[in-house]
Amino acid sequence: MALDVAGDRAATAEADSALAFVTVAVGDLRLALPLAAVRAVIRLPELVRIPLGPPSLDGLAQWHGEAVPVLDLARALGRPGGGAAARETRVVLVWHRGQPVGLRVDAMAGILRTDPDRVDPVTQEEGGLDPVMLDGLLRDGPATILKLDALIDRQFGDRTEVERPEAERPGRGTGGFGRVTAGEAGAGKAAAGPDRQALLVFEVAGQEFALPVDRVREVLPAPREVARMARAKAHLLGVMAVRDRLLPLVGLRALFGLDGTGGQRAGGQEAGRRVVVVRSGAGQAPVGVLVDEVREILRLDPVLIDPVPPLLAREPEFEDLDGIARADGGRRLVSVLSAERLFRHGAAIGAEAGGEGDGMEPARPAEGSGNAERFVVFRLAGAEYGLPVSAVREVLRRPDSITPLPNAPDFVAGVLTLRGEVLPLIDQRRLLNLPAATASPSAGLERGRVVVVGRDGLLVGLLVDGLSGLLTVPAERIGPAPAVSAAQRRLIRRVATLDPAGGSRLILLMDADSLLDMDRLADLPVIPQ
């Protein structure tokens, strides 16, 4: 339930001399915020932590399709904060220098109007608060008036940043940590050349399957509920809602007879479970494939993808496969699915639902319109981050051991050899000043991944917690990230705000060029947490 204060501002304009404030409680303080700056007062929303921010920053919230930084007002004022939310906890949304900012408070007290002669100046520290952040004392509150601009500016620091000249960007300079020679650059391009087949690998019932990346539109969290079709085959799970459209859902456990647990549960959001949305062809609707976990993105030489052996190809249960990929030197066999067969399964569900192919299309805008971007999405410290698909070479399993690199910056965990190329490994938690992962088995480190980013011959590996998958984001759902620090503005410049079924989703979009510039990364200012 949100309080819209637009009507109160209009009423305020009718009074020539009265001043109006929203009064809030923060600990033992009663504070007043100018009503003209307040957009709304809402209950505490779901927050996504944004790294490299000030200690008072609780995270980002989605409000009317916009990513809003939320500050703990107690900590911003130098008081103890960060406690658990109570029923009375509210977020006051204010407008600050062109962007909305949320202030977390313990409770909203009300709206107060007073005459200017009822406001006393601040002559000394009031309640232990810095007078620079105060604008007066209300006798009728009593309450202390906050200077919002001074308060928020102190949290976010200097908002200015000079862009580097084109010649100084990664891959265009000479020397420095992370630079490669011309010969190394050529080898790097060859290692990630266009002749390699990119595969999205996922797990179902302990077995590995894959689909070509160019046939995967996006990867979504598994739905809580799936609408089943009457008398449908076991592997035709039904349909799920995606952006107000219906997506046919196929279960691989039942399709390949892998379900040893008494039937696949279509709904439920068990940890790691995802829906891989297969891209449609001409006149074909997309289809979703329910999987247990998205593993990695592999780039393999096409000669390592063998056709299904003829003896097996004649069997009905193998007609859904396009081939078998040999990964890790042949030690892993990955079954490559046929997108065309999956489309036919999806059409069968559509017929059961009484829908037409065009009506099942969940993607907006249409493919090829140029109004959407594709990202590789990964998880880190409970939040989701994205990198453009064009910048990601592949996603690998985290190696068991990492070769240390002497005299490297603290955020460089070591080096990794990838098809003869040596690339530095960046510990994203250290780089982004996030807490270190615990060493317990429940922390999920066994599913850690290395996201290989490359451009202009430079290759860098990013250590992340896990892979969420691929995502196509309409252009209108991408906006600039709120500016909370100079370091954050260098690495995280945009944010995607999505509204999947069951809640909001924020994805922090990282700048690939900045991640490839080791010299500049080493100079990032870090704000102590």
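Below you will find a few notes about this structure. (Residues numbered from 1 in each chain as written. Predicted model: local features only at pLDDT ≥ 70, side-chain atom pairs only at ≥ 80, totals over all residues. Heavy atoms only, no water.)

## Digging into the environment of P482
Residue position: P482 is located in the loop between β32 (478-480) and α9 (486-491). Of the residues examined, P482 reaches a relative accessible area of 5% and is grouped as buried. Linking P482 and I50, residues 432 residues apart in sequence, is a C-alpha distance of 9.6 Å. (Helix = DSSP H or I, 4+ residues; strand = E, 2+ residues; numbered from the N terminus. Buried < 20%, exposed > 50% of the residue type's maximum accessible area, 1.4 Å probe, protein only.)

## Points about the packing of aromatic side chains
Taken as a whole and judged by the stated rule, the model has two aromatic pairs. Considering the side-chain rings of F209 and F256, the 5.1 Å spacing of their centres and the 25 degrees angle between planes classify their relative orientation as stacked. Here F209 is found in strand β14 (residues 207-212), whereas its partner F256 is found in the loop between α5 (252-255) and β18 (274-278), with 47 residues between them in sequence. Given the relative accessible area of 3%, F209 is considered buried. Look at F378 and Y385: their rings are 5.9 Å apart centre to centre, the planes differ by 10 degrees, and that puts the pair in the stacked class. A single burial state applies to F378 and to Y385, both of which are buried. (Phe/Tyr/Trp six-rings, centres within 6.5 Å; stacked < 30°, edge-to-face > 60°.)

## Details of helix α3 (residues 148-156)
Listed as buried for α3 are L148, L151, I152, Q155 and F156. Viewed end-on, α3 has its buried residues packed into an arc of 120 degrees, placing them on one side of the element. Turning to α3, the residues buried within the fold contact β3 (29-34), β6 (66-72), α2 (73-76), β7 (90-96), β8 (99-105) and β12 (143-146). Phi turns positive, to about 70 degrees, at G157, one or two residues after α3. (Arc of directions from axis to C-beta. Contact = heavy atoms within 4.5 Å.)

## Quick word on the sheet that holds strand β33 (residues 492-498)
Judged by pairing direction, the sheet is mixed, and its six strands sit side by side in the order β31-β24-β25-β34-β33-β32 without closing on themselves. Each having just a single partner strand, β31 (466-474) and β32 make up the two edges of the open sheet. Within this sheet the neighbouring strands show an average axis-to-axis angle of 35 degrees, counted without direction. Note that strand β24 (residues 372-380) and strand β25 (residues 383-388) share six bridges and pair antiparallel. Residue pairing for β25: R379 is matched across the bridge by E384. (Pairing = 2+ DSSP bridges. Axes fitted to C-alpha atoms, helices over the stretch in contact; angles between N-to-C directions.)

## A word on the environment of T417
Topologically, T417 is positioned in strand β27 (residues 412-418). Judged by its relative accessible area of 57%, T417 is exposed.

## Section: the nonpolar core
The biggest cluster of nonpolar side chains holds 101 residues, and the ones touching the most others in it are L200, F202, Y385 and L387. Sequence-distant contacts of F202, defined by excluding residues within four places in its chain, comprise Q207, E208, F209, A210, L211, L252, V276, V291, E293, V294, R295 and L337. Formed by 19 residues, the second largest nonpolar core is a distinct cluster that contains M240, L471, V473 and L498. (Core = buried A, V, L, I, M, F, W, Y, C linked by side-chain atoms within 4.5 Å.)

## Thoughts on the pairing of β18
By the criterion of burial, β18 is predominantly enclosed, with five of the five residues buried. On β18, burial covers both faces: R274, V276 and V278 on one face and V275 and V277 on the other are all buried. The pairing of strand β15 (residues 216-221) with β18 spans five bridges and is antiparallel. Within the sheet, the bridge partner assigned to L220 lies in β18 and is V275. Note that β18 and strand β19 (residues 287-291) share five bridges and pair antiparallel.

## Observations concerning the side chain of S56
As for its position among the elements, S56 is in the loop between β4 (38-43) and β5 (57-63). Its relative accessible area of 2% is what places S56 among the buried residues. Of the polar contacts made by the side chain of S56, one reaches the side chain of Q155; its length is 2.6 Å. Apart from residues no more than four positions distant in its own chain, S56 is found in contact with V70, L71, D72, R75, A76 and Q155. (Polar contact = N/O pair within 3.5 Å; in protein donor to acceptor, adjacent residues only side chain to side chain.)

## Quick look at the sheet that holds β15
An order of β15-β18-β19-β17-β16 is seen for the five strands of this open sheet, with the pairing classed as mixed. Since the sheet does not close on itself, it has two edges, and those belong to β15 and β16 (236-242), each with one partner. Each adjacent strand pair in this sheet contributes to an overall mean axis angle of 30 degrees, direction not counted. Relative to β19, strand β17 (residues 245-251) runs parallel, the two being bridged by three bridges. Bridge assignment links G251 to a residue of β19, and that residue is L290.

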